[in-house]
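# Structural overview for review
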Amino acid sequence: MLVPLSWLKRYVKVDLAPEDLAHRLTMAGVEVESIEKMGMHLDPELVVVGLVTDIEPHPDADRLRLPTVDLGNGETAKVVCGAPNVAVGQKIAFAKLGARLYNTHSGREEPLRTAKIRGFESSGMVCSVKELMLGDDHEGILVLDPDAEIGSPLTNIVGDVIFDIAVT
């Protein structure tokens, strides 16, 4: 049975490290078979919640668009995006330069660098679940809850610890 730490915290006060909590649960007769830390690998300074404020067509590519993203604190970014589901008003996962993401072309985790795509320089990225290494979905970008705070670390939203508990 999978038990997220965030769910457990709704019912009991937990101030222990996940490993210590797993040990205590096991000693109490609830065997924790494994611990998975989801989204904790994302750099809180470099992968943040953004708000798509504008989208322009790419002048040299029909399938690409140029969204402008509000990153909070007066910071904005204009990037190249090929996702079919990006829209104005969405809260999205945004990676700044240097963030470690899954490169779908090379099949490896790599730091994000500035890229020139069809003549337009892109210094950042609107991310899919696969690029964030949170799952296999790469059909479009990860769209967040409208209540997500602009500029906040994405780990605050997607980060969790999952305990795999043996049901005896």
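Residues numbered from 1 in each chain as written. Predicted model: local features only at pLDDT ≥ 70, side-chain atom pairs only at ≥ 80, totals over all residues. Heavy atoms only, no water.

### Regarding the overall build of the chain
In plain terms, the rule: The helix and strand labels rest on DSSP assignments: H or I over at least four residues marks a helix, E over at least two residues marks a strand, and numbering proceeds from the N terminus. Whether a residue is buried, partly exposed or exposed follows from its accessible area with a 1.4 Å probe, protein chains only, as a fraction of its type maximum: under 20%, in between, or over 50%, in that order. Surface accessibility follows the Shrake-Rupley procedure with a 1.4 Å probe radius. Residue values consider only the protein chains on display as shielding. Here the positive residues are Lys and Arg and the negative ones are Asp and Glu; neither His nor the chain ends is included. Charge placement uses NZ in Lys and CZ in Arg. For Asp and Glu, CG and CD serve respectively.
Summing up its helical and strand segments, the chain has three helices and 13 strands in all. When each of the 168 residues of the chain is scored for burial, the buried share is 39%. Per element, the accessible surface of the chain, about 9,800 Å² overall, is 49% carbon and sulfur. Considering the chain, the positive charge centre built from 16 side chains and the negative charge centre built from 26 side chains are found 3 Å apart.

### Things to note about the sheet that holds strand 2 (residues 32-38)
To be explicit about the condition: A strand pair is defined by DSSP finding two or more bridges across the two strands. Think of each axis as a best-fit line through the C-alpha atoms, taken over the contacting stretch in the case of a helix, with angles from 0 to 180 degrees between the N-to-C directions. Contact between two residues is taken to exist if any of their heavy atoms lie within 4.5 Å; hydrogens are not considered.
With respect to topology, three strands assemble into an open sheet ordered 1-13-2, the strand pairing being antiparallel. The sheet is open, and its two borders are formed by strand 1 (2-4) and strand 2, each paired with just one other strand. When strand polarity is set aside, the average angle formed by the axes of neighbouring strands in this sheet is 25 degrees. When strand 2 meets strand 13 (residues 160-165), the two strands line up antiparallel, connected through six bridges. Its bridge partner being in strand 13, Ile35 is matched across the sheet by Phe163. Along the sheet, helix 2 (residues 18-27) makes contact with strand 2 and strand 13, crossing strand 2 at roughly 160 degrees.

### Regarding the pattern of salt bridges
Heads up, the condition is: Whenever a carboxyl oxygen of Asp or Glu lies within 4 Å of a side-chain nitrogen of Lys or Arg, that contact is scored as a salt bridge.
Counted by the stated rule, this structure contains six salt bridges. Among the salt bridges present, the one from Glu109 reaches Arg100, with a minimum N-O distance of 3.4 Å. Taking relative accessible area as the criterion, Arg100 reaches 44% and is therefore assigned partly exposed. Arg108 is the partner of Glu110 in a salt bridge, and the nearest nitrogen-oxygen pair spans 3.1 Å.

### Brief notes about unusual backbone geometry
For residues that are not glycine, phi is negative in most cases, and the peptide bond is trans in most cases. A positive phi angle is found at Arg118, which is not glycine, with a value near 50 degrees. Here Arg118 shows up in the loop between strand 9 (115-117) and strand 10 (120-122). Even without being a glycine, Met133 presents a positive backbone phi close to 60 degrees. Assignment of secondary structure puts Met133 in the loop between strand 11 (125-126) and strand 12 (143-144).

### Let's talk about a nonpolar patch on the surface
This is how it is decided: A patch is a set of surface residues, each over 30% in relative accessible area and not in a salt bridge, joined within 9 Å for like charges and within 5 Å for the nonpolar side chains Val, Leu, Ile, Met, Phe, Trp and Tyr.
Together, Trp7, Tyr11 and Val12 make up an exposed nonpolar region whose accessible area comes to about 330 Å². Summarising the element assignment, Trp7 is placed in helix 1 (residues 5-9).

### Here's the deal with the environment of Ile92
Checked against the element boundaries, Ile92 lands in strand 6 (residues 91-95). Residue class for Ile92 comes out buried when judged on its relative accessible area of 0%. It is 29 Å that separates the C-alpha atoms of Ile92 and Tyr11, two residues lying 81 residues apart in sequence. Setting aside chain neighbours within four positions, we find Ile92 in contact with Val48, Val49, Gly50, Val52, Val69, Val126, Ile141, Leu142 and Leu144.

### Overview of the nonpolar core
Short version of the rule: In this text, buried Ala, Val, Leu, Ile, Met, Phe, Trp, Tyr and Cys residues form a nonpolar core when linked through side-chain atoms within 4.5 Å.
Val47, Ala95, Leu132, Leu142 and Leu154 are the most contacted members of the largest nonpolar core, which has 16 residues in total. Formed by 14 residues, the second largest nonpolar core is a distinct cluster that contains Ile55, Leu71, Val86 and Phe94.

### Brief notes about helix 2
Just so we agree on the cut-off: Our arc is simply the arc of the directions from the helix axis toward the C-beta atoms.
If you check which residues of helix 2 are buried, you get Pro18, Leu21 and Ala22. One side of helix 2 carries all its buried residues, which in axial view fall inside an arc of 100 degrees. Projecting away from the buried face of helix 2 at angles above 90 degrees are the exposed residues Arg24 and Met27. Tucked into the core, helix 2 has its buried residues touching helix 1, strand 2 and strand 13.

### Brief notes about the confidence of the model for the chain
Stated precisely, the cut-off is as follows: Scored between 0 and 100, pLDDT is the confidence that the predictor attaches to each residue.
Looking at the chain as a whole, the pLDDT averages 93, with 100% of positions reaching at least 70. Across the chain, the secondary-structure element scoring lowest on mean pLDDT is strand 9, at 87, and the one scoring highest is strand 6, at 97.

### A look at the side chain of Thr68
Here Thr68 shows up in strand 4 (residues 65-72). If near-sequence neighbours (up to four positions away) are discounted, Thr68 is found in contact with Leu51, Val52, Thr53, Asp54, Thr76, Ala77 and Lys78.

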